[in-house]
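Residue-level structure breakdown
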Amino acid sequence: MVEAINLKKGMIFEQNGKLIRVLETNHHKPGKGNTVMQMKLNDVRSGSIVQTTMRPSEKVELVMVDKKNAQYLYSEGTVEVFMDMETYEQYELNTDQVAEEKKFLMPNMEVQLDFCKGELIGITLPSTVEMKVVETAPNIKGATAAGGGKPAIMETGLVVTVPDFISVGDSLIITTANGEYKSRA
C-alpha cells in the first residue's frame, strides 16, 4: 500500500478492479481547507483519462509490473505492433492504450513492454528520443539558445518549442517525460 502523496508519474495501482496509471500529480494546498493531490489518471485497459483529487493520506495498492525489452515495428489501423527482442514474439496494443507515448514512437525504436499478471498493459519509453525536424520557421542568423524559441514539427507529428537557430532536417534529442527539446543530436 502506498499513500497518494507518494505516487509518481508512471506508477500503476489497482482500484475497483481497474488498473490505473498515474500520468500527472500535483500537491495542491488551497487557502482554506485541507491539502489534496490533484491527479491525471489513465485507465490502462480502456485508455480513458480522468482528472481526480485524493487526500494525501489515502492509500492505494500498487501492482507489480514485469518488463520485457521490445522493438516497435509499425502501426496498423488502431493497433500498434511490438516484437519481443528475445523470443521475436509479436504483441499488439490498441492505439488508445499508448496514446500518450504514440507521439514519440518511431519504427525500430526500442521500448519496454509492461505486463501485469501476464496481461500486456502498456509500454515504457526510453528517457529521450532522437527525431528529425520536418517543419519549422526559417532559422534566424545570430540566434542563441537563450531566445524565446519557435515551434517545430517533428517526424512523428510532435510539436516542440526549439531555439531559433534550429532548422528543417536537424536531428534533435527530445525528453519523453515532458516532450521538450533537450539538445541537438
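Data block above holds the structure.
Because the structure is predicted, anything quoted here is derived from the model rather than measured. Within every chain, residues take consecutive numbers counted from 1 along the sequence as written. Selection of residues for local features in this predicted model requires a pLDDT of at least 70, selection of side-chain atom pairs for listing and counting requires 80 or more, and totals for whole chains, interfaces and linings are taken over all residues. To obtain the side-chain values, all non-hydrogen atoms of the structure were included, while hydrogens and water were left out.

Before going further, it helps to spend a moment on the side chain of Lys150. The way it works is that DSSP assigns letters per residue, a run of H or I at least four long becomes a helix, a run of E at least two long becomes a strand, and they are numbered from the N terminus. Positionally, Lys150 belongs in strand β13 (residues 150-154). We call a residue buried when its accessible area falls under 20% of the maximum for its residue type, exposed when it is over 50%, and partly exposed in between, using a 1.4 Å probe and counting protein chains only. Under the convention used here, Asp and Glu are negative, Lys and Arg are positive, and both His and the chain ends fall outside the count. Here, a salt bridge means any Lys or Arg side-chain nitrogen found within 4 Å of an Asp or Glu carboxyl oxygen. Despite its burial, Lys150 remains without a salt bridge, the nearest opposite charge being carried by Asp164 at 5.5 Å. The term polar contact refers here to a pair of N or O atoms within 3.5 Å; inside protein, the definition further demands a hydrogen-donor-capable atom paired with an acceptor-capable atom, and it admits residues adjacent in sequence only when both atoms are side-chain atoms. Within the structure, Lys150 has its side chain in polar contact with the backbone oxygen of Pro138 (distance 3.4 Å). For Lys150, the side chain forms a polar contact with the main-chain oxygen of Ile166, separated by 2.7 Å.

For strand β4 (residues 36-43), the tally of buried residues reaches 6 of 8 residues, placing the bulk of the element in the interior. Between any two strands, pairing holds if DSSP finds at least two bridges. As paired strands, strand β3 (residues 18-28) and β4 are joined by 8 bridges and run antiparallel to one another. When the sheet's bridge partners are listed, Asn26 is paired in β4 with Gln38. Pairing of β4 with strand β5 (residues 49-54) involves 6 bridges; the strand directions are antiparallel. Bridging from a neighbouring strand, Gln38 pairs with Thr53 of β5. Linkage of β4 to β5, two consecutive antiparallel strands, is achieved through a turn of 5 residues, within which Gly47 is found at a positive phi near 85°.

Turning our eyes to something else, we now look at the sheet that holds strand β9 (residues 90-94). The strands making up a sheet are joined through hydrogen bonds of the backbone, oriented either antiparallel or parallel. The 5 strands lie next to each other as β9-β8-β7-β10-β11, forming an open sheet whose pairing is antiparallel. Whereas interior strands pair on both sides, the edge strands pair on one side only; in this sheet they are β9 and β11 (119-124). Put simply, the sheet's adjacent strands are angled 45° from each other on average, direction ignored. Judged from the 6 bridges that link them, strand β7 (residues 66-76) and strand β10 (residues 110-116) form a sheet pairing that is antiparallel. The residue bridging Lys68 from the neighbouring strand is Leu113, located in β10. Orientation is described by axes fitted as lines to C-alpha atoms, over the contacting stretch for helices, and by angles from 0 to 180 degrees between their N-to-C directions.

In summary, the pairing rule links any two rings of Phe, Tyr or Trp, Trp by its six-membered ring, whose centres are within 6.5 Å, and it sorts them by plane angle into stacked for under 30 degrees, edge-to-face for over 60 and tilted for everything else. Tallied over the entire structure, the rule returns 2 aromatic pairs. Between Tyr72 and Phe82, the ring centres sit 5.3 Å apart and the planes meet at 55°, which makes this aromatic pair tilted. Residue Tyr72 is found in strand β7, and its partner Phe82 is found in strand β8 (residues 79-84); the two are separated by 10 residues along the sequence. Seen from their ring centres, Tyr91 and Phe115 are 5.4 Å apart, and the 70° between their planes marks the pair as edge-to-face. Of this pair, Tyr91 sits in strand β9 while Phe115 is found in strand β10, placing the two residues 24 residues apart along the sequence. Across the pair, Phe115 and Tyr91 agree in class, each one buried.

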